[in-house]
Amino acid sequence: MQLYNTMSRKKEEFTPVRAGKVNMYVCGITAYDYSHIGHARSAVVFDVLVRYLRYLGLDVTFIRNFTDVDDKIINRANQEGASWTDIVGKYIGAFHEDMDKLGVLRADFEPKATDHITDMITLSQALIDKGHAYSTPSGDVYFRVRSFEGYGKLSGRSLDDMQAGARIAPGEEKEDPMDFALWKAAKPGEPYWDSPWGKGRPGWHIECSAMSEKYITLPLDIHGGGLDLIFPHHENEIAQSEAALGHEFSRYWVHNGFVQVNSEKMSKSLGNFKTIRDILASYLPETLRFFLLTRQYRSPIDFSFDAMDDAEKNLKRIYQSLEAMQEALQKDKWTPAKPDAAIMDEIDKTARLWAESMEDDLNTAAALGHINNLVRLVNRVLETKGLNKSEAGREALARCSRLLKEWGVVLGIFGQEPQKFLAELKNMQISRKQIDTSKIDSLIQQRQDARAAKDFTRSDAIRDELAALGVALRDTPQGVVWELL
RNA sequence: GGCGGCAUGGCCAAGUGGUAAGGCAGAGGUCUGCAAAACCUUCACCCCCAGUUCAAAUCUGGGUGCCGCCUCCA
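Participant: Which parts of the structure should I look at to understand the packing of helix H11 (residues 341-359) against helix H13 (residues 391-411)?
Facilitator: Helix-helix packing is characterised by the crossing angle of the two axes and by the distance between the axes. At their nearest, the axes of H11 and H13 sit 10 Å apart, and the two run at 10° to each other. Judged by the inter-axis angle, H11 sits roughly parallel to H13. Where H11 abuts H13, its residues Ile343, Met344, Ile347, Asp348, Thr350, Ala351, Trp354 and Met358 lie against Glu395, Ala396, Arg399, Cys400, Leu403, Trp407, Val410 and Leu411. In terms of residue class, the contact of H11 with H13 is built from 12 nonpolar, 1 polar and 3 charged.

Encoded structure:
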């Protein structure tokens, strides 16, 4: 498949270092707060990448770390009057809950920084020994950026350009203002570990270098994360790892775009910050996941409730079709007929287009378009008299059913029983729109009475009344069904 | 100031050299007592200007607008 590599700034054919085997590392969260929908996007995007690579038959080892020691965590602990370990435990737990709901698979390894202090010390010491890092009198250790020739190659900046910026204040003990910390001397009241340089804690960047090396043989095939991690985080990881290893750290660098609100980045200061929990209070997890897949992963995606409503409607339409198809396929009487070549060709063509979309840098937005086309085809078969009772129709439906199932596994959607999903969706909508169901039921009964009396004027008036409440009726052979518009 | 991204119908969004996928919304039709759902039909010359080309939304140059990174950040 083609994957966009931030390092080369173009799409490249993805070829693993070892045939058939993919080692992938994605930067996880710092566990100091509930995860927001930006975290959700990153998690979903890389989850789909893992699923797709596995679908292609590759043996993927996936690592996603937790940063569990950091200024933000310490601050949060002080705010909440809790220990930093409690904070970390709470928010890692919350992360897992959120991700499970979103259908994001657990990583094969989910290492925490504090479980690998020794590895980080070892790596830092190795960098000092090679002249790539130095310790200071107060017990900090810094990476010497000037000692690493490739510094800036990922983010496309030169040290001189960066230093021209006026906003970088030289640290007192740094040789160079751009040098970054591998180890920070402990401040009073902060967690610390013993090290050759005294009590302290690791810097942020070193954890990913140390932990990736610990779990797999470098180089990585893919290193991923949010766009904002390119600089300084990933740049620094490259410097550390490549300086220590003497060879490439990761073959492909994959970065997802942001979730925005009103075309701006989410931030606490702008007050447009949405946690996953906020959204799941009024939308099903699968709707959020579906929404996140409606744009190609590198583009920014603008979050809004209107957009969520659109995603929800589309998802509902697909599930309704899945339900109808499932029901139809349970029939055991079909009139003999040869497969309809035109329809089968159309299915094959759609399957090809779906695959091409996924092959093209994981274009899930395009892939969903093809899924919708297949759904329309399913509905057409179900509606076409004759065909919907013949073996030709059954053949087509069975094929579509298989494909949709397969694609759903890759995208992490369509995994639920349609009936169950649709019922849950209705409940979610009732609660979100604060619908008074007893009132609805009562109106429906009144309408049924009117209809029984052939008073269609009254019957239609009640329908209009219900429509004004956002309720649509369906008169089916099994009785009246209502749903939300 | 340095680096980078984006601009496609009412809204969202694919497409990156051969004359515009899909979703949501709208219009007409089939179906229905009337509806709903579904299906069919319909609805765009792609921010502006100039250039390259037989051919550009798609390449080049310029302009305008928006966004991100350079500081913790998915």
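Alright, that's what it looks like, and here's the rest.
Participant: Help me understand the nonpolar core, please; the structure alone is not making it clear to me.
Facilitator: Buried together is how nonpolar side chains tend to be arranged in soluble globular proteins. In terms of nonpolar packing, the biggest core is built from 95 residues, with Met24, Leu53, Ile222, Leu288 and Ile371 touching the most fellow members. Every residue in contact with leucine 288, bar those within four places of it in the chain, is listed here: Ile37, Leu102, Ile276, Ile279, Leu280 and Met308. Membership of the second largest hydrophobic core comes to 39 residues, among which are Val141, Leu154, Leu182 and Trp197.

Participant: Mind showing me how you'd approach the environment of isoleucine 216 here?
Facilitator: Position of isoleucine 216 relative to the elements: it lies in the loop between helix H6 (204-215) and strand E9 (220-226). The class for isoleucine 216 is buried, based on a relative accessible area of 9%. Apart from the residues lying within four places of it in its own chain, the contact partners of isoleucine 216 are Asn23, Thr61 and Ile63.

Participant: I would appreciate a short explanation of empty space enclosed by the protein in the present structure.
Facilitator: Taken as a whole, this structure holds 1 cavity of 30 Å³ or more when the rule is applied. At 3 residues, the largest contribution of residues to the lining of the largest cavity is made by helix H1 (residues 37-55). Looking at the lining of the largest cavity residue by residue, the classes come out as 6 nonpolar, 2 polar and 2 charged.

Participant: When you look at the layout of surface pockets in this model, what are you seeing that I'm missing?
Facilitator: Over the atoms rolls a probe the size of a water molecule, and its path tells where empty space is left. Estimated volume of the largest pocket: approximately 1,000 Å³. Lining the largest pocket are 29 residues, with Gln320, Glu323, Ala324, Glu327 and Arg474 positioned closest to its centre. Where the lining of the largest pocket is concerned, the elements lending two or more residues are helix H10 (305-329), helix H12 (364-383), helix H14 (418-432), strand E14 (471-476) and strand E15 (479-484). Here the residues of the lining of the largest pocket are counted per class, giving 10 nonpolar, 9 polar and 10 charged.

Participant: Can you help me understand the packing of aromatic side chains in this one?
Facilitator: For any pair of aromatic rings, geometry is given as the distance between the ring centres together with the angle between the planes. Summed over the entire model, instances satisfying the criterion amount to 19 aromatic pairs. The interplanar angle of 85° and the centroid separation of 5.9 Å between the aromatic rings of tyrosine 55 and tryptophan 354 together place this pair among those described as edge-to-face. In this pair, tyrosine 55 sits in helix H1 while tryptophan 354 sits in helix H11, placing the two residues 299 residues apart along the sequence. Judged by its relative accessible area of 35%, tyrosine 55 is partly exposed. Since its relative accessible area comes to 1%, tryptophan 354 is described here as buried. Taken together, Tyr52, Tyr55, Trp354 and Trp407 form an aromatic cluster joined through their ring pairs.

Participant: Just to check I follow, could you spell out the protein's contact with RNA strand B for this structure?
Facilitator: Near RNA strand B, the surroundings consist of 52 residues, among which Lys72, Trp204, Gly226, Leu229 and Lys265 are the closest. Looking at RNA strand B alone, sugar and phosphate atoms form 68% of those within 4 Å of the protein. Glutamate 383 places a side-chain nitrogen or oxygen 3.2 Å from a sugar or linking oxygen of RNA strand B. Between arginine 463 and RNA strand B, the recorded distance is 2.7 Å, taken from a side-chain N or O atom to a base nitrogen. If you tally residues by element for the surface near RNA strand B, the top one is H12, at 9 residues. Taken together, the residues of the surface near RNA strand B sort by class into 10 nonpolar, 22 polar and 20 charged.

Participant: Would you mind showing me how to read helix H16 (residues 456-468) here?
Facilitator: In this model, H16 (13 residues) spans 18 Å end to end at C-alpha, consistent with the 18 Å of a helix rising 1.5 Å per residue. Within H16, the full set of buried residues consists of Ser459, Ile462 and Leu466. Buried residues of H16 fall within an arc of 65° about the axis and therefore sit on the same side. Exposed and facing more than 90 degrees away from the buried side of H16 are Thr457, Asp464 and Ala468. Those residues of H16 hidden inside the fold are in contact with helix H15 (437-452) and E14. At the exit of H16 stands glycine 470, carrying a positive phi of roughly 85°.

Participant: In this structure, what is going on with the side chain of threonine 6? I would like to understand it.
Facilitator: The topology assignment puts threonine 6 in the loop between strand E1 (2-5) and strand E2 (10-13). For threonine 6, the side chain forms a polar contact with the side chain of histidine 255, separated by 2.7 Å. The contacts of threonine 6, once residues within four sequence positions are left out, are Leu154, Ile230, Trp253, Val254 and His255.

Participant: How should the sheet that holds strand E13 (residues 301-303) be read in this particular structure?
Facilitator: Either a parallel or an antiparallel arrangement is found when strands of a sheet pair, and the pairing is made through backbone hydrogen bonds. Strand order in the open sheet formed by 3 strands is E12-E11-E13, with mixed pairing between adjacent strands. The sheet terminates laterally at strand E12 (264-265) and E13, the two strands that pair on one side only. Two strands pair when backbone bridges link them, and strand E11 (residues 259-261) and E13 are joined in this way by 3 bridges, in the parallel orientation. Its bridge partner lying in E13, valine 259 is registered against isoleucine 301.

Reading the values: rules and limits
Residues numbered from 1 in each chain as written. Chains lettered and ligands numbered in written order. Predicted model: local features only at pLDDT ≥ 70, side-chain atom pairs only at ≥ 80, totals over all residues. Heavy atoms only, no water. Axes fitted to C-alpha atoms, helices over the stretch in contact; angles between N-to-C directions. Helix = DSSP H or I, 4+ residues; strand = E, 2+ residues; numbered from the N terminus. Parallel < 35°, antiparallel > 145°, perpendicular 65-115°, else oblique. Contact = heavy atoms within 4.5 Å. Nonpolar A, V, L, I, M, F, W, Y, C, P; charged D, E, K, R; others polar. Core = buried A, V, L, I, M, F, W, Y, C linked by side-chain atoms within 4.5 Å. Buried < 20%, exposed > 50% of the residue type's maximum accessible area, 1.4 Å probe, protein only. 1 Å grid on protein atoms, 1.4 Å probe; cavity = no way out; pocket = protein on both sides within 12 Å on 5 of 7 lines; lining within 4 Å. Points joined across faces, edges and corners; volume = space filled by probe spheres on them. Phe/Tyr/Trp six-rings, centres within 6.5 Å; stacked < 30°, edge-to-face > 60°. Near = heavy atom within 4 Å. Polar contact = N/O pair within 3.5 Å; in protein donor to acceptor, adjacent residues only side chain to side chain. Expected span 1.5 Å × (residues − 1). Arc of directions from axis to C-beta. Pairing = 2+ DSSP bridges.

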